[in-house]
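So the chains spell out like this:
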Number of protein chains: 2
Amino acid sequence: MSHTRVYNFAAGPSVLPLSVLERAGAELTNYRNSGMSVMEMSHRSKMFMDIFQETKDKLRRLMNIPQDYHILFLQTGASGQFSAIPLNLISRTGKADYAVTGNFSNLACQEAKKYGQISLACDTSSRNHSCIPRQTDLKRDPEAGYFYYCANNTIYGTEWDYIPETGAVPLVCDMSSNILSMPVDVSKFGLIYAGAQKNMAPAGLTVVILKDGLAGCELPLTPLMMNYKIMIEKDSMYNTPPCWCIYMLGLMLDWVAEHGGTEGMEKLKWQRANMLYDLLDSSRLFTCHAEPGSRSGMNVTFRTGDETLDAKFVQQAEEAGLVNLKGHRKTGGMRASIYNAMPLEGVEKLCDFIRAFDKENG
Amino acid sequence: MSHTRVYNFAAGPSVLPLSVLERAGAELTNYRNSGMSVMEMSHRSKMFMDIFQETKDKLRRLMNIPQDYHILFLQTGASGQFSAIPLNLISRTGKADYAVTGNFSNLACQEAKKYGQISLACDTSSRNHSCIPRQTDLKRDPEAGYFYYCANNTIYGTEWDYIPETGAVPLVCDMSSNILSMPVDVSKFGLIYAGAQKNMAPAGLTVVILKDGLAGCELPLTPLMMNYKIMIEKDSMYNTPPCWCIYMLGLMLDWVAEHGGTEGMEKLKWQRANMLYDLLDSSRLFTCHAEPGSRSGMNVTFRTGDETLDAKFVQQAEEAGLVNLKGHRKTGGMRASIYNAMPLEGVEKLCDFIRAFDKENG
């Protein structure tokens, strides 16, 4: 069926490798002679517990997650963590620092204000979030319970190219849109989390990587499903976890490993992204939203400056099998989300299309 | 592949119809010529929005849900609702009544105590939850903000055969293990919810059916993903919903419709259950956990009274392709979960096995 597939540049949920989908399809009604689908398995069965544990192990291996970090498989996406993080961590000092560099860090910041005293470490909204602040620009409170930032801003197409230095203050990072796209020194973080539906798996799974010792000081009203301590104690199985997404994550992690691990992903990431940025910078028609030095390797945001022409671009691209290139309404223009599973060929095809469009309309 | 499939009596996640799985498999890499899997679709795309809306419409039709009820597609299972319900509803009066007839209603009750003043409408724990109270046995507070009960107790194998009368107090019901197994007069409820992984879809989706006007008085610290008002305003898409599970629910609802709707399901339910209860009651070896008049049509709990013999039963059944019959540790013995998707043939095979086992060991 591969010849009928499109190149899907959606910001999430997004493209999965065809080989991963085909593997899932091959064992859909009968997983490894169990006589049932993974979708039908008791989460407490040995067969599923093996899938669960192997998936955790694979993630630990691929991301080189130290043994004193817990891996949790939760639900409700990044927005669930917007609440869970302050509910679990803010009582350490009652305060937290938030770096606002886009839509989702702003939403996280607003939600956190329900639970404690929040300071802005930075706010790039006056430049429509087209840039990432430098370390020296960050206002930090040494008494903050944690420092929060979002490593890649899906809507604006910016990405932090460094890990903020926060001293003894635990670093909390939303990696929803760039997890597994590069090696990361997990030991520098207190908590890393990611909604799975961009770089890892289908929608419905949130991965939380949490340093041991940070849980256990949750606010008294914390809902049990948002209580990290309970989730650690129950190994993410206080109740039924999102089994199918966990299984799909396992298949995706195999695929990442087969393609060079996080080092391989990082190489591919900048091959894809630089191919686009170089072309856009040298084009007559297009400008990029993100400033050089702050540009994302996952979401490339660009526009012609003419809304009608932008719309024409999106429509003609779709007719050419290059779909979901419309930018978010907060930036307008176009956005090419080029996550791990986007083949280089898809970006080459997009570059061909941009070149032709530029020539015809520039 | 059907000849290699087993009969899966798991309590949840549980069996799905083979035809539903095969349909999902057939369009796994390319849904209706979209060139992509449902797992890859943007939740805001027209293609997925159609799936989403059609699934809601199908559920409304099948359950005859009045127009003044909202249908929400949420996450984190019943346990998430254990918190969300008091967070959203208890401030109406600060109090609520809980009918404790099993494990999950007890957990819901314990969680609710964090948020308000909880009274026990009943507690069947002294009889190891083998029975359901009658209407006249329920202690009710006319000033309760709501009355909570669990319609079917998966672990103990009991099921309410009536809808409690609560006057003006909104009725809240956990239907996780018997939703869609019979026609229900939704207009008698304030809120019905169900984790999908028993009777409806793979794990990772929670359906909430909520009467208009009940949302909007949430406690100030309610996490945004647990705020019914926000979820109603955003039509369950504050962020990315569990798309694949919603799609699978749609396929399952088609299957229910093709098999006579909820009336058809109710007929099948008691055909399956009575076949088992009649046989067990007339056997030499077996006794049922649930008392007559309180017995579940979804989970049949039984035992020999001899743990070694029970273990032998479970093991030999598994060798015969009848799997996941081990009872929960709180009841011991065996449990046959016979949800909508369990074919009659599976129950017939189980009855044959019980008959032979009774003859050989009785």
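Residues numbered from 1 in each chain as written. Chains lettered and ligands numbered in written order. Predicted model: local features only at pLDDT ≥ 70, side-chain atom pairs only at ≥ 80, totals over all residues. Heavy atoms only, no water.

Draft legend 1. Quick look at the pairing of strand β14 (residues 334–337) of chain A. All names here are of chain A. Along β14, one buried face is formed by Met 334 and Ala 336 and the opposite face, lined by Arg 335 and Ser 337, is buried too. Note: strand β12 (residues 299–303) against β14, four bridges, orientation antiparallel. Residue Phe 302 lies in a different strand from β14, and its bridge partner there is Met 334. (Buried < 20%, exposed > 50% of the residue type's maximum accessible area, 1.4 Å probe, protein only. Helix = DSSP H or I, 4+ residues; strand = E, 2+ residues; numbered from the N terminus. Pairing = 2+ DSSP bridges.)

Draft legend 2. Geometry of the sheet that holds strand β11 (residues 287–288) of chain A. An order of β11-β12-β14 (chain A) is seen for the three strands of this open sheet, with the pairing classed as antiparallel. In the strand order of this sheet, the two ends are held by β11 and β14 of chain A, each with one partner.

Draft legend 3. Representation of the packing of helix α3 (residues 77–89) of chain A against helix α4 (residues 103–112) of chain A in the model. All names here are of chain A. The geometry of α3 relative to α4 is characterised by a closest axis approach of 9 Å and an angle of 45° between their N-to-C directions. With respect to their mutual orientation, α3 and α4 come out oblique. As for the relative orientation of α3 and α4, their crossing is right-handed in sense. Across the interface between the two elements, Phe 82, Ser 83 and Pro 86 of α3 pack against Phe 104, Leu 107, Ala 108, Glu 111 and Ala 112 of α4. (Axes fitted to C-alpha atoms, helices over the stretch in contact; angles between N-to-C directions. Parallel < 35°, antiparallel > 145°, perpendicular 65-115°, else oblique. Left-handed = near helix turned anticlockwise from the far one by under 90°. Contact = heavy atoms within 4.5 Å.)

Draft legend 4. Spatial organisation of a positive patch on the surface. A cluster of basic residues, Arg 44 and Lys 234 of chain A together with Arg 329 and Lys 330 of chain B, forms a positive patch on the protein surface. The residue Lys 234 of chain A is located in the loop between α5 (228–233) and α6 (243–258) in this model. (Patch = residues over 30% accessible without salt bridge, like charges linked within 9 Å, V, L, I, M, F, W, Y side chains within 5 Å. Areas by Shrake-Rupley, 256 points an atom, 1.4 Å probe, with all protein chains shown as cover. Salt bridge = Lys/Arg side-chain N within 4 Å of Asp/Glu carboxyl O. Lys, Arg positive; Asp, Glu negative; His and termini not counted. Charge placed at Lys NZ, Arg CZ, Asp CG, Glu CD.)

Draft legend 5. Representation of the confidence of the model for chain A. For chain A, the mean per-residue pLDDT works out to 97, and 99% of the residues sit at or above 70. Interface predicted TM-score (ipTM) for the complex: 0.97; the corresponding pTM is 0.98. (pLDDT = per-residue confidence, 0-100.)

Draft legend 6. Just the sheet that holds strand β3 (residues 95–100) of chain A, in detail. All names here are of chain A. Spatially, β2-β10-β9-β8-β5-β3-β4 is the arrangement adopted by the seven strands of the open sheet, whose pairing is mixed. At either margin of the open sheet sits one strand with a lone partner, and together these are β2 (69–74) and β4 (117–123). Across the sheet, the mean angle separating the axes of adjacent strands is 15° when strand polarity is ignored. Sheet topology note: the β3/β4 ladder contains six bridges and is parallel. Bridge pairing links Ala 96 to Ile 118 in β4. Set on the sheet, α3 makes contact with β2, β3, β5 (147–150), β8 (171–174), β9 (191–195) and β10 (206–211); between it and β9 the angle comes to about 155°.

Draft legend 7. Structural context of the packing of helix α2 (residues 46–63) of chain B against helix α6 (residues 243–258) of chain B. Residue and element names in this part refer to chain B. Interhelical geometry of α2 versus α6 gives an angle of 40° and a closest axis separation of 9 Å. Between α2 and α6, the crossing angle belongs to the class labelled oblique. For the crossing formed where α2 meets α6, the hand is left-handed. Residue-level contacts link Phe 48, Ile 51, Phe 52, Thr 55, Lys 58, Leu 59 and Leu 62 of α2 to Cys 243, Ile 246, Tyr 247, Leu 249, Gly 250, Leu 253, Asp 254, Val 256 and Ala 257 of α6. Of the residues in the contact of α2 with α6, the class split is twelve nonpolar, two polar and two charged. (Nonpolar A, V, L, I, M, F, W, Y, C, P; charged D, E, K, R; others polar.)

Draft legend 8. Here's a closer look at the side chain of Asn 239 of chain A. Mapped onto the secondary structure, Asn 239 of chain A falls in the loop between α5 and α6. For Asn 239 of chain A, a relative accessible area of 13% gives the class buried. A distance of 3.1 Å separates the side chain of Asn 239 of chain A from the backbone oxygen of Thr 76 of chain B, its partner in a polar contact. Contact partners of Asn 239 of chain A, with chain neighbours within four places excluded, come to His 43 and Met 225 of chain A together with Thr 76, Gly 77, Ala 78 and Ser 79 of chain B. (Polar contact = N/O pair within 3.5 Å; in protein donor to acceptor, adjacent residues only side chain to side chain.)

Draft legend 9. Highlighting the relation of the copies chain B and chain A. Screw-axis analysis of chain B against chain A gives a translation of 0.0 Å along the axis, an RMSD of 0.0 Å, and a rotation angle of 180°. Such values leave the two copies arranged in the relation of a two-fold axis. Closest approach to the rotation axis within chain B is made by the C-alpha atom of Gly 25 of chain B, at a distance of 2.7 Å. (Least-squares fit on C-alpha atoms with pLDDT ≥ 70 in both.)

Draft legend 10. View of the environment of Pro 183 of chain A. Residue and element names in this part refer to chain A. Tracing the backbone through its elements, the reader meets Pro 183 in the loop between β8 and β9. Distance from Pro 183 to Thr 101, taken between C-alpha atoms, is 22 Å for residues 82 residues apart in sequence. The contact partners of Pro 183, leaving out residues within four places of it in the chain, are Thr 262, Glu 263 and Glu 266.

Draft legend 11. Structural context of the interface of chain B and chain A. Facing 62 residues of chain B, the contacting portion of chain A comprises 62 residues. When chain B packs against chain A, the two sides together hide about 4,800 Å² of surface, and 61% of this comes from carbon and sulfur. Connecting chain B to chain A are two salt bridges. Note that Arg 5 of chain B and Glu 40 of chain A form a salt bridge whose closest N and O atoms lie 2.7 Å from each other. Taken together, the links from chain B to chain A amount to 26 residue pairs in polar contact (both at pLDDT 80 or more). Listing elements by their share of the side of chain B that touches chain A, those giving two or more residues are α1 (18–26), α3 (77–89), α4 (103–112) and α6 of chain B. Tallied by class, the residues present in the side of chain B that touches chain A amount to 33 nonpolar, 24 polar and five charged. (Buried area = accessible area lost by both parts, 1.4 Å probe.)

Draft legend 12. Expanded view of helix α8 (residues 307–319) of chain A. Residues and elements named next belong to chain A. Between its first and last C-alpha, α8 extends 18 Å over 13 residues, near the 18 Å set by a 1.5 Å rise per residue. Residues of α8 that are buried in the fold lie against β12, β13 (322–323), β14 and α9 (344–361). Between a side-chain oxygen at the N-terminus of α8 and the backbone nitrogen of Thr 308 the separation is 2.9 Å; the capping residue is Asp 306. Following α8 by one or two positions, Gly 321 has its phi on the positive side, about 80°. (Expected span 1.5 Å × (residues − 1).)

Draft legend 13. Up close: the state of the cysteines. Applying the stated rule across the entire model yields zero disulfides over all chains. For Cys 245 of chain A, which is in no disulfide, the shortest distance to another cysteine sulfur is to Cys 245 of chain B and amounts to 6.0 Å. Exposure remark for Cys 245 of chain A: the relative accessible area of 5% places this residue in the buried category. For the unlinked cysteine Cys 109 of chain B, the closest cysteine sulfur is that of Cys 122 of chain B, found at 10.0 Å. (Disulfide = S-S within 2.5 Å.)

Draft legend 14. Fine view of the packing of aromatic side chains. Overall, the coordinates contain 32 aromatic pairs over all chains when judged by the stated rule. Site record: aromatic cluster; members linked through ring pairs are Tyr 31, Trp 244 and Tyr 247 of chain A together with Tyr 31, Trp 244 and Tyr 247 of chain B. (Phe/Tyr/Trp six-rings, centres within 6.5 Å; stacked < 30°, edge-to-face > 60°.)

Draft legend 15. Summary view of the environment of Lys 114 of chain B. Turning to its location among the elements, Lys 114 of chain B is positioned in the loop between α4 and β4 (117–123). For the pair Lys 114 of chain B and Pro 86 of chain B, spaced 28 residues apart in sequence, the C-alpha separation works out to 8.7 Å. Setting aside anything within four residues of it in sequence, one finds Lys 114 of chain B in contact with Pro 220, Leu 221, Thr 222, Pro 223 and Leu 224 of chain A. Of the polar contacts made by the side chain of Lys 114 of chain B, one reaches the backbone oxygen of Thr 222 of chain A; its length is 2.6 Å.

Draft legend 16. Just unusual backbone geometry, in detail. Pro 13 of chain A follows Gly 12 of chain A through a cis peptide bond whose omega is -5°. Secondary-structure assignment places Pro 13 of chain A in the loop between β1 (7–8) and α1 (18–26). With phi around 70°, Thr 76 of chain B is a residue other than glycine that occupies positive phi space. If you trace the backbone, Thr 76 of chain B turns up in the loop between β2 (69–74) and α3.

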